[in-house]
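Read off the chains here:
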Amino acid sequence: MSSAAIDKALWYLGRSSGVVSLVLLTLVVALGIATRSGRLLPGLPRFAVSAVHRSASLLAVVFLTVHVVTLTLDPQSQLRWIDAVLPFGSHPKPLWIGLGAASLDLMVALVVTSLLRQRIGHRVWRAIHWAAYALWPFALLHTIGTGTDMHRGWMLSLVIACTLSIAGLTIWRLSTRFLDDAGRTIGTRLPSRDTRLLAGSKGLR
Amino acid sequence: MTILFERDIQADTEGARRGALIGSAPTAQRELRAHLAAHGSVPAMDAHAVVRLATDSGLTGHGGAGFPLYRKLEAVLAARGRAIVVANGAEGEPASAKDRWLLTRRPHLVLDGLQLVARATKANEAYLYVNHRLDVATLTDVLTERQRAGLDRVSVTIVTAPHAFISGEESAVVGHLSGGVALPRFKSPRVTERGVRGRPTLVSNVETLALLALVARRGAAWFRALGTTDAPGTMLLTVSGAVRGSGIVEAGHGTPLTDVLALAGGSSIPLQAVLLGGYHGTWLSADEFAAAKLSRSDLAPLNASPGAGVIVGLGEGTCGLAEMSRVMSYLAHESAGQCGPCLNGLPRIAAQVKSLALKGGDRRAVDEMLRLGELVVGRGACHHPDGSMRFLRSGLRVFAAEVELHLARRCSRTSNDLVLPTPVTR
Amino acid sequence: MKTTATTTTRIVVDWTACDGRGLCAELLPELISRDEWGFPLIPDPTVTAPLRDHATRAIAACPRLALRLAHT
């Protein structure tokens, strides 16, 4: 294969893996919200919802790795290794690339802390996991800002669909009926206790 | 709506009482001079000597659980890290006033004991954790006087306990002193291993420490002689309710409970029942009370124990169910709210008791409160639900006749006086 | 009952952390059911050898890390 052909392959692979990463990330966040709600999904008991969330996130890591590696190898993208992890230093497009780097950094933090969950304890894990709500918007903005196919119909539809899904799920996440607490009292004594600060039927627990 | 009722049990009454702590001279020994005149000074002792003293005297905890002091000392010594000692005078039990009495009238004995356990555990930090009703300024003066006299090798910090029923629970004490909330924690590891700020911690009731201070002066054999062979020494009790002279009394282990009641002047009217041990304790019928002794082994068949030394006499004419209903609502409100079964179960149980106490209700209310009781016992970080159910179950047994009356929409009440205190906390 | 000469393994709930989410009951139904509020009911917490892996999995899956194994 000629060097030009390899370069072209890297370029296409880099972009397509980026799109797949965004879709997977959207799926991961959706499953994360579903996991937190404590509800079953069709055909999936609660432990399975949680397990699929974890598996999908590892798959997202794989595609994100492909995305970053191919683009740093590809001469056309002008991406240095350092810019993939240290935000806002790249040329061109320091902001948009930087958001991608920030998103990557957060993803690493979330995955590593999740793998080490039992060692670091629930409170530390949860504090860092909230960053998922920054991770996804960064990834979205990075896509919009650096995406080479944003003018194409299919890409636009995809981005809109992902955005609407996450927006809808986030609204659900903040609603009072989000948690499946019917029939039981929620504790009201310890405001510092739980992320249920935004949901839950009877205040903080 | 819960009827809230607070009685300030006289914490400074005296009377014809004998006892090592109360003594025959009914004076407050707040000043160092008075204390030394009454008791002399603590003999110099090394760490081993203190542990041996605790072992030989058989001194157990006087906070309710009755755990042997020497075992706690050994556990702290075996743990890694520099120890911290805490004198626990939170006394969250509304019907108890003995700890406040000790800290008001015998603070030096408590603080002598605190220094002794600090020596025994090689601790370098000490806390005096006190009930919110105690005057911190007065206690600070006591500490200052001791410092000037060079009595406190380990300096003591006074901390006021939050006003709540469970703020005296061992892990809640540790939680508060660690800078967090005064709520119970998961019991592993134990506080003797990892307590305040992760360090091995000895939490000891103020009465236990005061007794240790006396044992250090008079010897283990003296203490053993004061009680029975299996339960050495004396204990303080708070006697209230339908008694002539409610207040603090002192009795040796093994004393018949009627004699203890006599120390408080005896009953003012005929008693129908007696609450022994506090709101996590046990109701005894008048007959059971008349036959019982102040000893763990004697009370065990009745599922009772001396606990933190609370005795409340319920006279005839008071509705036992009404009293229980107020207390159950209080106990439900006092749940830490951390553990699902307790948080969900106790209020629902209290509601059933209330419906029985107020409206009569039907037998399903009794079945339901017992069914829910099975769901709360043993399913929490502390023994709050367990103790509350002991209180309720023993009450249903002792007040069985009253229960039947209420099921028939009647009540035996002739008096509207409230007996068991249910203070407003946060 | 899993006992060597001295040890028994039990599954223990940290009730201050437990939120009654129920994943444990799904993964270890032999030992864990749920009460009417969703919190775990464990009449006999003894973890026998054949259940050991399932118990470990249930412990890892708990979203609040409210389960542990205790060895006595």
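Because the structure is a prediction, the values reported are computed rather than measured.

**Notes on the overall build of chain B**
Within chain B, the regular secondary structure consists of 17 helices and nine strands. Its C-alpha atoms give chain B a radius of gyration of 21 Å, near enough to 22 Å, the size a compact globule of 426 residues would have. For chain B, the C-alpha atoms occupy an extent of roughly 65 × 45 × 40 Å along the three principal directions. In chain B, which comprises 426 residues, the share counted as buried stands at 58%.

**Some details on the sheet that holds strand 9 (residues 310-315) of chain B**
Residue and element names in this part refer to chain B. Taken in spatial order, the five strands make up an open sheet running 6-5-9-7-8, and their pairing is mixed. Looking at which strands have only one partner, the edges of the open sheet turn out to be strand 6 (247-252) and strand 8 (282-285). Averaged over all pairs of adjacent strands, the angle between strand axes in this sheet comes to 30°, irrespective of strand direction. Note that strand 7 (residues 271-276) and strand 8 share four bridges and pair antiparallel. Bridge assignment links Leu 275 to a residue of strand 8, and that residue is Trp 283.

**Considering the nonpolar core**
Of all hydrophobic cores here, the largest spans 158 residues; its most connected members are Val 85, Val 86, Val 110, Leu 114, Ala 210 and Val 274 of chain B. Not counting the four nearest positions on each side in its chain, Val 110 of chain B is found in contact with Ala 87, Leu 102, Leu 103, Val 206, Leu 209 and Ala 210 of chain B. Core analysis: the next-biggest nonpolar cluster, separate from the first, contains 28 residues, Leu 24, Val 49, Val 68 and Leu 71 of chain A among them.

**Digging into the environment of Leu 346 of chain B**
Residues and elements named next belong to chain B. Mapped onto the fold, Leu 346 is located in helix 14 (residues 340-358). Of the residues examined, Leu 346 has 27 C-beta atoms within 10 Å and is grouped as buried. Beyond its immediate sequence surroundings of up to four residues, Leu 346 is in contact with Leu 331, Ala 332, Ser 335, Val 376, Pro 385 and Ser 388.

**Some details on the interface of chain B and chain C**
With 11 residues of chain B at the contact, the number on the chain C side is eight residues. With three residues, helix 14 of chain B is the largest single contributor of residues to the side of chain B that touches chain C. A per-class count over the side of chain B that touches chain C returns five nonpolar, four polar and two charged.

**Re unusual backbone geometry**
Residue and element names in this part refer to chain B. With omega at 0°, the peptide bond leading from Ser 188 into Pro 189 counts as cis. Inspection of the secondary structure puts Pro 189 in the loop between helix 7 (170-177) and strand 4 (201-205). Phi at Arg 197 takes a positive value of approximately 50°, unusual for a residue other than glycine. By the secondary structure assignment, Arg 197 is in the loop between helix 7 and strand 4. On the neighbour-count criterion, Arg 197 (13 C-beta atoms within 10 Å) is partly exposed.

**Points about the domain arrangement of chain B**
Residues and elements named next belong to chain B. Annotation of chain B at the domain level lists domain 1 (32-225), domain 2 (234-315) and domain 3 (320-407). One C-alpha centre belongs to domain 1, the other to domain 2; they are set 26 Å apart. Listed per partner, the contact involves 11 residues of domain 1 and 15 residues of domain 2. When grouped by side-chain class, the residues that make up the side of domain 1 that touches domain 2 number three nonpolar, five polar and three charged.

**Side note on the sheet that holds strand 3 (residues 156-160) of chain B**
All names here are of chain B. Strands sit in the order 3-2-1-4 across an open sheet of four strands; the sheet is parallel. Single-partner strands in this sheet number two, and they are strand 3 and strand 4. If you compare each strand with its neighbour and ignore which way they point, the axes differ by 20° on average. With five bridges joining them, strand 2 (residues 125-130) and strand 3 adopt parallel strand pairing. Residue Ala 126 lies in a different strand from strand 3, and its bridge partner there is Val 156. The sheet contacts of helix 5 (residues 107-121) involve strand 1 (84-89), strand 2, strand 3 and strand 4, and relative to strand 1 the element is tilted by about 155°. Across the face of the sheet, helix 6 (residues 136-148) comes into contact with strand 2 and strand 3 while running at roughly 170° to strand 3.

Cut-offs and rules
- Residues numbered from 1 in each chain as written.
- Chains lettered and ligands numbered in written order.
- Predicted model: local features only at pLDDT ≥ 70, side-chain atom pairs only at ≥ 80, totals over all residues.
- Helix = DSSP H or I, 4+ residues; strand = E, 2+ residues; numbered from the N terminus.
- Rg over C-alpha atoms; globule rule 2.2 N^0.38 Å.
- Buried ≥ 20, exposed ≤ 12 C-beta atoms within 10 Å, placed from the backbone.
- Pairing = 2+ DSSP bridges.
- Axes fitted to C-alpha atoms, helices over the stretch in contact; angles between N-to-C directions.
- Core = buried A, V, L, I, M, F, W, Y, C linked by C-beta atoms within 7 Å.
- Contact = placed C-beta atoms within 7 Å.
- Nonpolar A, V, L, I, M, F, W, Y, C, P; charged D, E, K, R; others polar.
- Domains from an automatic or database assignment.

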